[in-house]
Amino acid sequence: VWSILVILCIGLPLSFLPTKSKHFYVREGFVAVGLLWLATGIVGGLPFYFSGYFHSFIDCVFEASSGFTTTGATILTDIEALPRGILFWRAFTHWLGGMGVLILATAIIPSLGVRSHYLAQAESPGPVFSKLVPKQSTTSKILYSIYFGLTVVETVLLKIAGMPWYDAVIHALSSAGTGGFSNRNASVGAYGSVAIDLIITVFILLFSVNFAVYFLLLTRKFRDILASDELRFFLTVVAGSTLLIAWNIRGLYSSFAQALRYAVFQVASIISTTGFATADFTLWPQLSHLILILIMFCGACAGSTGGGIKCSRVVMLLRSIRRELHRISHPRSVEVVRLDGKPVDEDTLHSVLVFIGFYVLIILTAALVVSLDDVAFDVSFSAALTCVSNVGPGLAAIGPSGNFSAFSPLSKAVLSLCMIIGRLEIYPILVMFSRHTWRCS
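Residues numbered from 1 in each chain as written. Predicted model: local features only at pLDDT ≥ 70, side-chain atom pairs only at ≥ 80, totals over all residues. Heavy atoms only, no water.

To continue, consider the overall build of the protein chain. Assigned secondary structure in the protein chain consists of 20 helices and two strands. With respect to the three principal axes, the spread of C-alpha positions in the protein chain is 65 × 65 × 50 Å. Counting the 441 residues in the protein chain, one finds 52% classified as buried. Considering only intrachain contacts with a sequence separation of at least 6, the fraction spanning at least 24 residues in the protein chain is 69%. When the accessible surface of the protein chain is summed, it comes to about 20,100 Å², and 68% of that surface belongs to carbon and sulfur atoms. (Helix = DSSP H or I, 4+ residues; strand = E, 2+ residues; numbered from the N terminus. Buried < 20%, exposed > 50% of the residue type's maximum accessible area, 1.4 Å probe, protein only. Contact = heavy atoms within 4.5 Å. Areas by Shrake-Rupley, 256 points an atom, 1.4 Å probe, with all protein chains shown as cover.)

This paragraph deals with helix H5 (residues 84-99). With 16 residues, H5 ought to run about 22 Å at 1.5 Å a step, and its terminal C-alpha atoms sit 24 Å apart, in line with that. Those residues of H5 that fall on the buried side of the exposure criterion are Ile86, Leu87, Arg90, Ala91, Thr93, His94, Trp95, Leu96, Gly97, Gly98 and Met99. One or two positions beyond H5, positive phi appears at Gly100, with a value near 120°. (Expected span 1.5 Å × (residues − 1).)

Where nonpolar side chains cluster on the molecular surface, the patch consists of Val1, Trp2, Ile4, Leu5, Leu8, Leu12, Phe16, Ile42, Tyr49, Phe50 and Phe57 and spans about 1,200 Å² of accessible area. Looking at the nonpolar patch element by element, the count peaks at five residues for helix H1 (residues 2-15). Note on placement: Ile4 falls in helix H1. Ile4 sits in the exposed class, given a relative accessible area of 54%. (Patch = residues over 30% accessible without salt bridge, like charges linked within 9 Å, V, L, I, M, F, W, Y side chains within 5 Å. Salt bridge = Lys/Arg side-chain N within 4 Å of Asp/Glu carboxyl O.)

Let us now look at the pattern of salt bridges. With the rule as written, the count across this model stands at 12 salt bridges. Across the pair Arg184 and Asp167 runs a salt bridge, and its minimum N-O distance is 3.9 Å. Here Arg184 is found in the loop between helix H9 (165-176) and helix H10 (194-206), whereas its partner Asp167 is found in helix H9, with 17 residues between them in sequence. Among the charged side chains, a network of salt bridges with common partners joins Arg323, Glu324, Arg327 and Glu346.

Glancing now at helix H16 (residues 311-329). A rise of 1.5 Å per residue sets the reference length of H16, with its 19 residues, at 27 Å; its end C-alpha atoms lie 28 Å apart and thus fit the reference within 8%. Inspection of H16 places Cys311, Ser312, Arg313, Val314, Val315, Met316, Ser320 and Arg323 among the buried residues, and these make up the whole buried set.

Turning to its location among the elements, Gly275 is positioned in the loop between helix H14 (256-271) and helix H15 (286-298). With a relative accessible area of 16%, Gly275 lands in the buried category. Through-space distance from the C-alpha of Gly275 to that of Leu364 is 21 Å; in sequence the pair is 89 residues apart. Once residues within four sequence positions are removed from consideration, Gly275 is found in contact with Gly179, Gly180, Ser269, Val391 and Pro393.

For Ser187, the position within the fold is in the loop between H9 and H10. Residue classification places Ser187 among the buried positions, given a relative accessible area of 10%. Separated by 3.2 Å, the side chain of Ser187 and the backbone nitrogen of Ala277 make a polar contact. Not counting chain neighbours up to four residues away, the residues in contact with Ser187 comprise Ser182, Phe276 and Ala277. (Polar contact = N/O pair within 3.5 Å; in protein donor to acceptor, adjacent residues only side chain to side chain.)

Moving on: the environment of Val352. One can find Val352 in helix H17 (residues 346-370). The spatial distance from the C-alpha of Val352 to the C-alpha of Gly52 is 44 Å, given a sequence separation of 300 residues.

Now for the environment of Leu235. By the element assignment, Leu235 lies in helix H13 (residues 229-248). Spatially, the C-alpha atom of Leu235 lies 9.6 Å from that of Val209, the residues being 26 residues apart in sequence.

In this structure the tally under the stated criterion is 23 aromatic pairs. Ring centres of Phe203 and Phe207 lie 6.5 Å apart, and the angle between their planes is 40°; on these two criteria the pair is classed as tilted. The residues Phe203 and Phe207 share a single accessibility class, namely buried. Their ring planes at 15° and their centres at 5.6 Å tell us that Phe377 and Phe381 sit as a pair that is stacked. One end of the pair, Phe377, and the other, Phe381, are both in helix H18 (residues 377-388), four residues apart, so they sit about a helical turn from each other. An aromatic cluster is present here, built from Phe68, Phe88, Trp89, Phe92, Trp95, Tyr144, Tyr147, Phe203, Phe207, Phe211 and Tyr214 joined pairwise through their rings. Sitting over the ring of Tyr166, Arg84 keeps its end group 4.3 Å from the ring centre. Looking at Arg90, its charged tip hangs above the ring of Phe181, at a distance of 3.8 Å from the centre. (Phe/Tyr/Trp six-rings, centres within 6.5 Å; stacked < 30°, edge-to-face > 60°. Lys NZ or Arg CZ within 6 Å of the ring centre and 35° of its normal.)

In this structure, Ile200 and Phe404 are the most contacted members of the largest nonpolar core, which totals 115 residues. If one sorts the elements of this core by residue count, H17 sits on top with 10 residues. (Core = buried A, V, L, I, M, F, W, Y, C linked by side-chain atoms within 4.5 Å.)

What follows covers the packing of H13 against H15. Contact geometry of H13 with H15 gives a least axis separation of 9 Å together with a crossing angle of 165°. When the axes of H13 and H15 are compared, the pair comes out roughly antiparallel. Of the two possible hands of crossing, H13 and H15 adopt the one that is left-handed. The residues of H15 that touch H13, namely those facing Phe233, Val237, Ser241, Leu244, Ile245, Trp247 and Asn248, are Leu287, Ser288, Ile291, Leu292, Ile295 and Cys298. Residue composition of the contact of H13 with H15, grouped by class: 10 nonpolar, three polar and no charged. (Axes fitted to C-alpha atoms, helices over the stretch in contact; angles between N-to-C directions. Parallel < 35°, antiparallel > 145°, perpendicular 65-115°, else oblique. Left-handed = near helix turned anticlockwise from the far one by under 90°. Nonpolar A, V, L, I, M, F, W, Y, C, P; charged D, E, K, R; others polar.)

This part takes up the packing of H10 against H14. Contact geometry of H10 with H14 gives a least axis separation of 9 Å together with a crossing angle of 30°. Here H10 lies roughly parallel to H14, going by the angle between them. Seen along the crossing, H10 lies across H14 with a hand that is left-handed. Here Val194, Asp197, Ile200, Thr201, Ile204 and Leu205 of H10 lie close against H14, whose contacting residues are Arg261, Val264, Phe265, Ala268, Ser269 and Ile271. Classifying every residue of the contact of H10 with H14 gives eight nonpolar, two polar and two charged.

In structure tokens, the structure reads:
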């Protein structure tokens, strides 16, 4: 109630401000999305602050930013000590942020008076934005219908597998947003159930797939689904990473089947950027660490609730590298990079390469700031990577059994910003902070 009153006191006066211009294009869309997500991270922390269970307001902002951006990093040391209402709010922020706060707004409030297409374009993950149907509000309703339906199905299956209803709802909300907040200190591992592990594994992979695939499935366009290069790449990476890690950790478990069980769950959790855990992977061999780090970079599919660079960008990067190598051997050849059988224009390829460059630069800059806390390299680097990629757990002290509570307020603020930058895929925040954006044109 206090949170609602504070937001009303801020929002109502702003709603009465006179509108200087009705023009709303790409620049305004990016700035609006950047500002609203920063504001969401702040006001979303109010319930945590008023609960009295958090030490400082920056901790509340960190937890809320982690929730809405579906990162799953936490500063809490004893999750089970919190009341159910706060634990539900943590998981619900994942569900709201997974598909997008503003996509929800365009679905239920199409009379916003702005061109919602530009809001969705700035908020939606992936190198190319496309609508499922001509009207953006209808597209948003279709996406949220699929999203809600899958969440309900997972909740019911988790209950059948033995979870209490409350726990099933919490884990379904977190799975849907590929966030990873659990109401148990040991995360999914607390249940020790093969059935629960399998259900969550399947659903976090389902939520990692481009939601346009489900629309194609509903409209029976099966050939278009099979033609998806990104989907094939994603499934290949999941299968290959699982087998490599299972082989690498086979000596730590009683059988290869058990090693495979933990490997597939952790690979699905990391590549989907969910962050659930059934085992402490920081105790695994270094090869497994490196594979998990690589799939943190890769992330899920474009148009999903997952984070990371996105598989479609990785595919385009690899094909661009192959083309350049071919050009060295055959300077006069003309080769076009294709995705799903369609040629990719040079502007899109250029934007992908620039995006990946920005992505790495932001991670390195954030790692430098975090290193001021005098933490080990694997902690500072994995903290920056896991926050920008919206994964959640990192290595060493911030692994599945650790948390981010020991970081300084400066590091928490920077990592909170990194989560939002990663969720919005860099450009809305960079555009918002650019001085050229604020010049009258």
